[in-house]
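One-letter residues, chain by chain:
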Amino acid sequence: MKVIKKIDIYLLKNFLGLFLATFFIAVFILLMQFMWMHVNDLVGKGIGIGVLFEFFIYAAATVVPLALPLAILLSSLISFGNLAEKVELTAMKAAGISLFRILRPLAIFVAFLSIGAFYFSNNVLPKSQTKLWALIFSLRQKSPELDIPVGEFYDEISGYHIYVREKTPRGELLNLMIYDYSAGFENAKVMVADTGKLAASTDKQYLTLDLYNGESFENLEKKQQRATGTTKSIPYRRETFSHKRLVIDFATEFNRYDESILDDQHVSKDVTKLVHSIDSMQGVSQTRCAEQSEQLIRERYFGRENRNGTVQIPAVITKEERASHNLDSLWSRLSINQHLQVLTTAQDRARTYRDQIEYNAILLDDADRYIRKHEIELYRRFTLAFACLVFFFIGAPLGTIIRKGGLGAPVVISVILFIVYYIIDNTGYKMAREAIWPCWAGMWLSSFILLPTGIFLTYKAATDSPLFNPEAWTTTFKRFFIRIRRKD
């Protein structure tokens, strides 16, 4: 019994060290990929180190559920590949220990890790995502840091294009040209100056641009037309100045969005809130659909709008003919002018019905889209945790079969398998998002495909089947075709 316990401890130590290393590597890679997607929200905004660190922490927490399956796959593949390559796995089997007994302590550890992943996704992830997206929205509204380049137009100040030919070490701008179209392109102003100095106000809500020894040109034709109503030609006004100050609205401070704006979003809810939101919106959607159906039947069905007197039925139509709905008889009794009137009325009604139905469809589609987003997020909490188990039963048996440890073949195989998983999972997500498949089918698609793969690899590893032996596969196919021929 002591030998078995020591083996369990030995396996756990080997696996845990590799798991921690691969987990941090996976988090770092996924974090860099996430940062690259939002690089425009970070670069050139002049934000402090504290805000950047906060962004990194929240983003790292967001990628943890995706990094866990990759880390488990890679660590289990390397761990069992090392055991097989060093003949330690063969020695354990020779001592009478089966592969399932060897896998048991690690499987239990991964099972608890999956439970922890679900707890993290359900409790920590909604809070980190709420803080992250509130921070991203705040960064997107942050004005860029003032750094006017030399020799090109700077357009980061709304309503102004500034061109600077030279800059002094003291921050003075030389030979400026400014296009001011803050009042519209039709009322644009052009200013040139020998020297200028740009500074922010004390409350960081305005910019002051002091210009020295320059001229300004302003188009007055539109202003003259609005003031007098005449079309008298007044092309522009020229002004020469020794000093001119421009005050420009430009909030440079960092203002945070309130996190409450995301309270009704799917990313900020746990499983209980997601289920409650889905049930509530389904009830709203069903009520809205029933109300729309009743309204169409009550007001539009079979010309019931006639009760309001909006459509006049020709007097030549008798009540008996109208009740029998004999269209041929009714049509033949009408004159040509009445034919045109009926056709025009029918066409107008059809357009009205179509517009009403399209509007109702938009209302229902908004509710359905809201429900799908919440259902996708609900299933994602379970699928990412379940993927940890699936990847363990893929990586561990595959490591015993390929008998290669280290960071060579295991890394290549892990990356390929994870790419396949990501493609399948993303395909299912898009199918669910576009309502092509039910949400549960789209989100569980990757698990449905990879779980049989894990079972197959575990069976092959337990029976010591030569999975990558070409001769064995050739013999298997020959036997298969021989059996088919005998049946024929």
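Residues numbered from 1 in each chain as written. Predicted model: local features only at pLDDT ≥ 70, side-chain atom pairs only at ≥ 80, totals over all residues. Heavy atoms only, no water.

*Asks:* Explain the overall build of the protein residue by residue, including any values.
*Replies:* Looking only at helices and strands, the protein features 14 helices and six strands. Put simply, the protein has 488 residues, and 37% of those count as buried. When contacts within the protein are restricted to residue pairs at least 6 apart in sequence, those whose partners lie at least 24 apart make up 67%. (Helix = DSSP H or I, 4+ residues; strand = E, 2+ residues; numbered from the N terminus. Buried < 20%, exposed > 50% of the residue type's maximum accessible area, 1.4 Å probe, protein only. Contact = heavy atoms within 4.5 Å.)

*Asks:* Describe the packing of aromatic side chains, naming the residues involved and giving the relevant values.
*Replies:* Tallied over the entire structure, the rule returns 17 aromatic pairs. Centroid distance Phe15 to Phe109: 6.0 Å. Interplanar angle 80°. Geometry classified as edge-to-face. Within this pair, whereas Phe15 is found in helix α1 (residues 2-37), its partner Phe109 is found in helix α5 (residues 99-141), the two being separated by 94 residues in sequence. Measuring from centroid to centroid gives 6.5 Å for Phe55 and Phe56, while their planes differ by 70°, and the two rings are edge-to-face. Every member of this aromatic cluster is reached through a ring pair, and the members are Phe15, Phe19, Phe23, Phe24, Phe109, Phe392 and Phe393. Here Lys244 stacks its cationic end above the ring of Phe241, 5.9 Å away from the centre of that ring. (Phe/Tyr/Trp six-rings, centres within 6.5 Å; stacked < 30°, edge-to-face > 60°. Lys NZ or Arg CZ within 6 Å of the ring centre and 35° of its normal.)

*Asks:* Break down the pattern of salt bridges for me, with residues and values.
*Replies:* What the rule picks out here adds up to nine salt bridges. A salt bridge links Lys269 to Asp264; its shortest N-O distance comes to 3.3 Å. Overall, the relative accessible area of 4% leaves Lys269 in the buried class. On the accessibility criterion, Asp264 (45% relative accessible area) is partly exposed. Notably, a salt bridge pairs Arg380 with Glu377, separated by 3.9 Å at the nearest N-O pair. Of this pair, Arg380 and Glu377 both sit in helix α10 (residues 336-402), three residues apart, which is roughly one turn of the helix. The class for Glu377 is buried, based on a relative accessible area of 6%. When salt bridges that share partners are traced, they join Glu377, Arg380 and Arg381 into one network. (Salt bridge = Lys/Arg side-chain N within 4 Å of Asp/Glu carboxyl O.)

*Asks:* Quick one: what's the story with the packing of α10 against helix α13 (residues 445-462), residue by residue and with numbers?
*Replies:* Look at α10 against α13: their axes get within 8 Å of each other, and the N-to-C directions meet at 30°. Viewed along their axes, α10 and α13 adopt a mutual orientation that is roughly parallel. Crossing angle aside, the handedness with which α10 passes α13 is left-handed. Across the interface between the two elements, Thr383, Phe386, Val390, Phe391, Phe393, Ile394, Pro397, Leu398, Thr400 and Ile401 of α10 pack against Ser447, Leu450, Leu451, Gly454, Leu457, Thr458, Lys460 and Ala461 of α13. (Axes fitted to C-alpha atoms, helices over the stretch in contact; angles between N-to-C directions. Parallel < 35°, antiparallel > 145°, perpendicular 65-115°, else oblique. Left-handed = near helix turned anticlockwise from the far one by under 90°.)

*Asks:* Give me the layout of surface pockets: which residues, what numbers.
*Replies:* A volume near 1,500 Å³ is recorded for the largest pocket. The wall of the largest pocket is formed by 48 residues, among which Phe34, Thr62, Leu66, Arg380 and Tyr422 lie closest to the centre. Contributing elements (two or more residues each) for the lining of the largest pocket: α1, α3 (49-85), α5, α10 and α11 (409-433). Looking at the lining of the largest pocket, its residues break down into 32 nonpolar, ten polar and six charged. (1 Å grid on protein atoms, 1.4 Å probe; cavity = no way out; pocket = protein on both sides within 12 Å on 5 of 7 lines; lining within 4 Å. Points joined across faces, edges and corners; volume = space filled by probe spheres on them. Nonpolar A, V, L, I, M, F, W, Y, C, P; charged D, E, K, R; others polar.)

*Asks:* Run through the nonpolar core, naming residues and quoting values.
*Replies:* Note that soluble globular proteins tend to have their nonpolar side chains buried in a common cluster. Ranked by internal contacts, the top residues of the largest apolar core, which has 62 residues, are Phe55, Leu68 and Phe392. Every element with two or more residues in this core is listed here: α1, α3, α4 (88-94), α5, α10, α11 and α13. When residues of this core are assigned to their parent elements, the largest contribution, 17 residues, is made by α3. Residues in contact with Phe392, not counting those within four places in the same chain, are Ile72, Ser76, Leu103, Leu106, Ala107, Val110 and Pro397. Core analysis: the next-biggest nonpolar cluster, separate from the first, contains 17 residues, Leu209, Leu211, Phe241 and Ile248 among them. (Core = buried A, V, L, I, M, F, W, Y, C linked by side-chain atoms within 4.5 Å.)

*Asks:* I'd like a rundown of the packing of α11 against α13, residues and numbers included.
*Replies:* Put simply, α11 and α13 touch, their axes get as near as 8 Å, and they point 145° apart. Contacts between α11 and α13 involve Tyr421, Ile424, Asp425 and Gly428 from the former and Leu445, Ser446, Ile449 and Leu450 from the latter. In the contact of α11 with α13, the residues fall into five nonpolar, two polar and one charged.

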